[in-house]
Amino acid sequence: MNPRAEILRVENLCATYNGNMVLRDISFCLDEGDFLAIAGPNGAGKSTLLRVLAALMKPSAGEIMLFGRPLTSFSRRALSKKIAIVFQNISFPYDFTVSEIVALGRTPFLSPWTPLSKKDNSSIREAMELTDTWPLRERSFSRLSAGERQRVVLAKAFAQQPSILLLDEPATHLDIHHQVGIFNILARLNQQRKTTILCITHDLSLAAQYTDHFLFLSHGKIVADGSASVVIEKRIIEELFQTEVYVGTLPQTHRPFIYPIKQTTINSS
Ligand code: ADP
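Novice: I'm lost on the pairing of strand β3 (residues 35-39) in this one. Help?
Specialist: Residues in a regular strand point their side chains to alternate faces of the sheet. Burial analysis of β3 places 5 of its 5 residues in the buried class, the great majority of the element. The side-chain alternation of β3 yields two buried faces, one formed by F35, A37 and A39 and the other by L36 and I38. Pairing of β3 with strand β8 (residues 196-200), which is carried by 4 bridges, proceeds in the parallel orientation. Of the residues in β8, the one forming a bridge with L36 is L198.

Novice: What am I meant to see in the packing of aromatic side chains here?
Specialist: The geometry of an aromatic ring pair comes down to the distance between the two centres and the angle between the two planes. In total, this model carries 3 aromatic pairs according to the counting rule given. Note on F183 and Y210: the rings are 5.3 Å apart at their centroids and 35° apart in plane angle, and the pair reads as tilted. Within this pair, whereas F183 is found in helix α6 (residues 176-193), its partner Y210 is found in the loop between α7 (204-208) and β9 (213-218), the two being separated by 27 residues in sequence. With a relative accessible area of 2%, F183 lands in the buried category. In this arrangement the basic side chain of R137 is found over the ring face of W134, its NZ or CZ atom lying 4.2 Å from the centre. The side chain of R149 reaches across the aromatic face of F141, ending 5.8 Å from its centre.

Novice: Please clarify how the pattern of salt bridges should be interpreted in this entry.
Specialist: Two side chains of opposite charge can pair, provided their charged atoms sit close to one another. Within the structure shown, the criterion is met by 10 salt bridges. For R143, the salt bridge goes to D95, with nearest N and O atoms at 3.3 Å. With a gap of 48 residues between them, R143 in the loop between α4 (118-130) and α5 (146-159) and D95 in the loop between β6 (83-86) and α3 (98-104) connect regions that are remote in the sequence. The exposure class assigned to R143 is exposed, which follows from its relative accessible area of 62%. Relative accessible area serves as the criterion here: at 45%, D95 is assigned to the partly exposed category. Notably, a salt bridge pairs E129 with R125, separated by 2.8 Å at the nearest N-O pair. Note that E129 and R125 are positioned in helix α4 at a spacing of 4 residues, about one turn of the helix.

Parameters at a glance
Residues numbered from 1 in each chain as written. Predicted model: local features only at pLDDT ≥ 70, side-chain atom pairs only at ≥ 80, totals over all residues. Heavy atoms only, no water. Buried < 20%, exposed > 50% of the residue type's maximum accessible area, 1.4 Å probe, protein only. Helix = DSSP H or I, 4+ residues; strand = E, 2+ residues; numbered from the N terminus. Pairing = 2+ DSSP bridges. Phe/Tyr/Trp six-rings, centres within 6.5 Å; stacked < 30°, edge-to-face > 60°. Lys NZ or Arg CZ within 6 Å of the ring centre and 35° of its normal. Salt bridge = Lys/Arg side-chain N within 4 Å of Asp/Glu carboxyl O.

Read these as layout, nothing more, since geometry by itself doesn't imply function.
Structure follows, in structure tokens:
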């Protein structure tokens with residue numbers, strides 16, 4: 001079996017807002033086809049990390065290497081052919097239809113005033129079929145349910161055919177049926193297209209059914225980076241979230257799950 005190629009290397013990354021350091025000395029690397037779940041308490045720096053990786057924010061120190069090249073050496077257009085990012089609660093300023101929104105994913109590949117090519121149209125259709133949004137194509141985005149909207153936003157990112165997909169809590173605010181649906185779509189993309197996925201999530205139990213690679217952030221630092229069997233551990237989770245938890249194993253999948261224990265917080269001392 002061929003060893004997988006390294007796709008992303010982050011070295012000693014730091015980031016600040018107005019001189020206030022919110023990411024400190026972050027280092028990790030990912031191979032093609034990795035599926036990384038990023039977790040940690042609110043304010044830990046997870047969204048900032050995604051912003052820096054998508055070059056939407058400049059780091060104050062450190063280096064990001066994408067395909068062995070510094071991230072800074074990519075033009076914005078070249079980068080948007082490699083990386084797609086999906087934020088939470090996306091809205092659009094105009095009342096676009098679903099197919100118009102998914103087509104926006106092809107923007108990095110279009111020349112000015114050139115219509116969509118056959119390849120563009122087939123990427124759009126494939127992304128919509130993967131996310132089951134093809135039947136919604138004529139509908140107005142603003143009149144969709146939260147679950148439908150999230151699938152459309154994912155379809156737009158998939159139409160971009162990125163090598164790396166960055167997701168900020170893609171299943172939050174969805175019911176369990178739609179949460180599982182979103183993770184099933186991500187797993188399909190990850191396995192079929194070898195898309196590398198970095199996904200911020202608060203639902204460690206759900207994420208642990210789909211991936212074995214977790215990165216935990218706290219106060220802007222990495223506190224754990226490893227497989228579920230090592231890092232989804234009672235002491236690590238309790239320290240991370242300052243909350244007493246029960247960690248068990250789901251009999252059906254043999255994957256770990258976490259349940260918080262009623263109203264008991266642990267002193268940080
Ligand atoms: P998380 O995604 O883990 O909740 P964030 O990356 O959003 O954390 O935030 C990390 C820290 O940076 C927090 O203390 C937050 O208040 C601060 N922060 C986030 N965005 C900004 C911003 N635009 N300006 C100033 N501070 C910010």
